[in-house]
Amino acid sequence: MCAKRVKEEDVCGVKEEEFEEEVCGVKEEEYEEDVCGGVTEEKETQVLDARVALHGADRKRGRSSDMWEYFSLITPDKVQCLVCSAELKYHGNTSSMVRHYTARHGPALKQGTATGRKQELDEALANMVVKDWQPFSVVDDCGFKALVASLDPAYVLPSRRALKKMVLEKYEEERSKAEAAVRQAEAVSLTADTWSSAGADACLAVTCHFLDQAMRVATVLLGVRPLPQSHTSAHVADSLTALMEEWAIEGKVTSIVTDAAPHMVASVRDLNLRHALCFARSLNLVVKKALDATAGLQELRGRARHLVALFKSSAGAREKLRQAQAQTDAPAAPLVQEADARWTSTFLMLQRLSEQRRCVGAALAGLETPPPLSSQDHETAAACLHLLAPFYQASLEMAQEKRLSASKVIPITKMLLLHLHEANEKSSHATAKQLAHNLLSAMRERFDTLESQTALTLSTLLDPRFKTFGFYDQARAQTSLKRLAAQCSQVIMRAPAQERPFASAPSSPANVAGIDLWESLDRDASEAMRRSRNASVDATLEVQRYVSDPPLGRAEDPLAYWLSHRNVYPHLFRLAKHFLCTPASSLPCEQVFSKCGELASKKRNRLSPKSVEIVTFLNQSL
């Protein structure tokens, strides 16, 4: 059994009550169990080794020589080199160790280098656990121990509990940095989404987006909070309120982006926040609805799915397809199967079948299967692909956008509408014309209010690449300009009053006993002058000057533009910091949940909700 009486202070990272679990690696009641594939006799050897290590660590306490990082005391008068396993006599000093290390392994290290090396390796280990979603128990895995020992024999792996403590300390450090950055932000936008894990545990993720002092987009994960099984809008609203209070951003939130789920819409309404729907999901629903409503295309999709399923399930068919591709020098690309949740998979399925038309036909020639797609099918697919290509491009562009995304929503919608009208006039294919009609109907139904939503319209106007050019309806663009001027007027009114001395006022005599006779009158007059300023006129003039300037090139950086024009349009610059941080979709939350899916694995199924939040936060921050 492991000795239970050790010093009260921490020995090798563990205390007396933790010695059985952290040093020996097994508890008393678990002693008979097999650890790392060993048996009871092997475990007794491990316990004895641990006892010797503890004894050596206790004897080394207070020693300052770096040599003890490379040698271990195996008997009272003998030490062993951890690098080459050579045994040396020990006479109470490290002279023989220094001579051996210098002769065999290079010059002796300076004082403090070994300690710094251990801290460096500890931090690298914590980062690996966080970035690669490794369980804390990785330090107990035999293979990992052997790898670390071969890389650096002098490094002693921390215990599982010590590793978790290191991750917690790193979390506190990164959390403090994030809180300081959020405090400096003038305004923030949020994205929120709910998710259920494989264990049916529902949780809410909230991300915060803002522009820092250098006008760079910054994103912070505010939290991943568990929700009750029957989560309602009230539960979501309570969690959002708690997170906003925790991060002290209650008065800074300019908008919140969610999907169109009823409980999410109701929770944002209850909080009285400006709401914007996830554009990516809305666009997906628009195209999916149009595809399902096009009868001729539904039949084509069904035959294409059946054909792709054959190559996915038959090894012989796949081999014939690879041979056909090799003979025709075609790209060895696999076929794509349609997924119900994403319309882009439909586009990729039809596109790949069109590209591999000859290879698929050659592969099916010797198989007893349904015939490949006919020439008419390929003609229909080509016409529909031409119609859907801009939608696919828009989906990719919005998903890859790293700077501003909300300001692109209205311009992209405009370009899609123009493309549909043009394609509908030029196309002569009946199925393609029906698809275009269905797409236009679905877009009018879902996107009709886009050019009336404050968060999106002001983002578009304040993007110097688009301004009013990005609007499909110019009447709504002018209405949005008035809304921008009103917002600018409020910024001007909230600005500190300018000091304007009275030119005709005689100079006051010296104050008597610290009393100023005219103090009250001057204060009232200054306040009257501040109120009398025509903020609306000033705001309108600033907006008109900004709009009349030539637009920025679409490939240029709009945030760099505002940083260089902060003194030219000072009040619009403040509004730009408020509205240009709005994301177009809740994709940041979806990425968090994708990571959480990797985190909630069989090896980590006992993590508490707080630990999940800590590891996820660090993964997003590092």
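Note that residues are indexed from 1 along each chain, following the sequence as it is written. In keeping with the model being predicted, local features are shown solely for residues with a pLDDT of at least 70 and side-chain atom pairs are shown and tallied solely at 80 or more, while totals for entire chains, interfaces and linings include all residues. Side-chain numbers come from the whole structure's heavy atoms, not from hydrogens or water.

Participant: Sorry if this is basic, but what is going on with the overall build of the chain here?
Facilitator: For the purposes of this entry, the term helix denotes a DSSP run of H or I that reaches at least four residues, the term strand denotes a run of E that reaches at least two, and both are numbered from the N terminus. For the chain, the helix and strand inventory stands at 24 helices and eight strands. Across the 622 residues of the chain, 43% fall into the buried class. Nonlocal contacts in the chain, meaning residues at least 24 apart in sequence, comprise 66% of its contacts between residues at least 6 apart. A 1.4 Å probe and the Shrake-Rupley method give the accessible areas. Residues count as covered only by the protein chains that appear here. If you sum the accessible surface of the chain, you get close to 32,700 Å²; carbon and sulfur atoms cover 52% of it. Throughout this description, buried means an accessible area under 20% of the type-specific maximum (1.4 Å probe, protein chains only), exposed means over 50%, and partly exposed covers the range between. The contact criterion used throughout is that any non-hydrogen atoms of two residues lie within 4.5 Å.

Participant: Got a minute to help me understand the sheet that holds strand β3 (residues 87-89) in this structure?
Facilitator: Spatially, the three strands line up as an open sheet ordered β1-β2-β3, and their pairing is antiparallel. Two strands bound the open sheet, and with one partner strand each, they are β1 (71-75) and β3. With direction set aside, neighbouring strand axes in the sheet form an average angle of 35 degrees. Here a strand pair is declared whenever DSSP counts at least two bridges between the two strands. Here strand β2 (residues 78-81) pairs with β3 via three bridges, running antiparallel. Along β3, the bridge assignment pairs Val79 with Leu88. Angles here are taken between N-to-C directions and fall from 0 to 180 degrees, while the axes themselves are lines fitted to C-alpha atoms, restricted in helices to the stretch in contact. Sitting on the sheet, helix α3 (residues 95-105) touches β1, β2 and β3, and the angle it makes with β3 is about 145 degrees.

Participant: What exactly am I supposed to notice about the environment of Arg274 here?
Facilitator: Assignment of secondary structure puts Arg274 in the loop between α8 (262-271) and β8 (275-277). Overall, the relative accessible area of 30% leaves Arg274 in the partly exposed class. Along the primary structure Arg274 and Val257 are separated by 17 residues, whereas in three dimensions their C-alpha atoms are 8.8 Å apart. Other than its neighbours up to four places away in sequence, Arg274 contacts Thr254, Ser255, Ile256, Thr454, Ala455, Gln487 and Phe579. Identification of polar contacts relies on pairs of N or O atoms within 3.5 Å, with a donor-acceptor requirement for protein atoms, meaning one able to donate a hydrogen and the other able to accept it, and with residues adjacent in sequence counted only if both atoms are side-chain atoms. Side-chain polar atoms of Arg274 contact the backbone oxygen of Thr254, separated by 2.6 Å.

Participant: So what exactly am I meant to see when it comes to a nonpolar patch on the surface here?
Facilitator: A contiguous nonpolar surface patch, about 290 Å² in accessible area, is contributed by Met415, Leu418 and Tyr472. With respect to the helices and strands, Met415 occurs in helix α15 (residues 406-426). The patches described consist of residues with a relative accessible area above 30% and no salt bridge, like charges being joined within 9 Å and nonpolar side chains (Val, Leu, Ile, Met, Phe, Trp, Tyr) within 5 Å. Any carboxyl oxygen of Asp or Glu that lies within 4 Å of a side-chain nitrogen of Lys or Arg is treated as forming a salt bridge with it.

Participant: Which parts of the structure should I look at to understand helix α12 (residues 343-355)?
Facilitator: Residues spaced three or four apart along an α-helix face the same direction, because each turn holds 3.6 residues. A helix's residues, less one, multiplied by 1.5 Å, set its expected span. Counted at 1.5 Å a residue, the expected span for α12 with its 13 residues is 18 Å, and the 19 Å between its end C-alpha atoms agrees. Taken together, the buried positions of α12 are occupied by Trp343, Thr344, Ser345, Thr346, Phe347, Met349, Leu350, Arg352 and Leu353. Where α12 is buried, its residues contact α9 (279-293), α10 (295-313), α13 (357-364) and α14 (375-400).

Participant: Before we go on, may I ask you to explain unusual backbone geometry in this structure?
Facilitator: It is generally the case that most residues other than glycine have a negative phi and that most peptide bonds are trans. With a phi close to 70 degrees, Ser85 is a non-glycine residue in the positive phi region. Counting through the fold element by element, Ser85 comes out in the loop between β2 and β3.

Participant: Which parts of the structure should I look at to understand helix α6 (residues 160-184)?
Facilitator: The end-to-end C-alpha separation of α6 is 37 Å, in line with the 36 Å expected for 25 residues at 1.5 Å each. Taken together, the buried positions of α6 are Leu163, Met166, Val167, Lys170, Tyr171, Glu174, Arg175, Ala178 and Val182.

Participant: Honestly, the pattern of salt bridges in this entry has me stumped. Any pointers?
Facilitator: For side chains of opposite charge, pairing can occur when their charged atoms come near one another. In total, this model carries 31 salt bridges according to the counting rule given. For Asp152, the salt bridge goes to Arg117, with nearest N and O atoms at 3.5 Å. One end of the pair, Asp152, is in the loop between α5 (142-151) and α6; the other, Arg117, is in helix α4 (residues 113-131), and 35 residues separate them in sequence. According to the relative accessible area criterion, Asp152 is buried, its value standing at 16%. Using a relative accessible area of 36% as the deciding quantity, one classes Arg117 as partly exposed. Put simply, Glu613 and Lys610 hold a salt bridge, and the shortest N to O gap is 3.3 Å. With a gap of three residues between them, Glu613 and Lys610 both fall in helix α24 (residues 609-621), about one helical turn apart. A residue is classified by how much of its surface remains accessible, and Glu613, at 4% relative accessible area, is buried. In the salt-bridge network here, residues are joined through shared partners; they are Arg175, Glu179, Arg225, Glu246, Lys610 and Glu613.

Participant: What exactly am I supposed to notice about the layout of surface pockets here?
Facilitator: Gaps left between atoms are located by rolling a probe of water-molecule size over the structure's atoms. The distinction between a cavity and a pocket rests on a 1 Å grid over the protein atoms alone: a 1.4 Å probe fits inside a cavity but cannot get out, while a pocket stays open yet meets protein on both sides within 12 Å along at least five of seven lines, and a residue with an atom within 4 Å of a point counts as lining. Grid points are joined across faces, edges and corners, and a volume is the space filled by probe spheres set on the points. The computed volume of the second largest pocket comes to approximately 1,300 Å³. Classification used: nonpolar for Ala, Val, Leu, Ile, Met, Phe, Trp, Tyr, Cys and Pro, charged for Asp, Glu, Lys and Arg, polar for all others including Gly. Looking at side-chain class alone, the lining of the second largest pocket contains 29 nonpolar, 12 polar and eight charged residues.

Participant: Looking at this structure, how should I read the nonpolar core?
Facilitator: If you look at soluble globular proteins, the nonpolar side chains tend to sit buried side by side. Phe311, Leu353, Phe391, Leu435, Leu439, Trp562 and Leu572 are the most contacted members of the largest nonpolar core, which totals 83 residues. Top contributing element to this core by residue count: α14, with nine residues. Leaving out residues up to four positions away in the same chain, Phe391 has contacts with Leu283, Val287, Trp343, Leu416, Leu420, Leu439 and Met443. Residues belong to a common nonpolar core when they are buried Ala, Val, Leu, Ile, Met, Phe, Trp, Tyr or Cys residues joined through side-chain atoms within 4.5 Å. Of all hydrophobic cores here, the second largest spans 52 residues; its members include Met166, Ile249, Leu273 and Leu618.

Participant: How should the sheet that holds β8 be read in this particular structure?
Facilitator: Strand pairing within a sheet occurs via backbone hydrogen bonds; the two strands may be parallel or antiparallel. With mixed pairing, the five strands of this open sheet are ordered in space as β6-β5-β4-β7-β8. At either margin of the open sheet sits one strand with a lone partner, and together these are β6 (217-226) and β8. Averaged over neighbouring strand pairs, the angle between their axes works out to 25 degrees when direction is ignored. Bridge count for strand β4 (residues 188-196) against strand β7 (residues 253-258) is four bridges, and the pairing is parallel. Its bridge partner lying in β7, Thr191 is registered against Val257.

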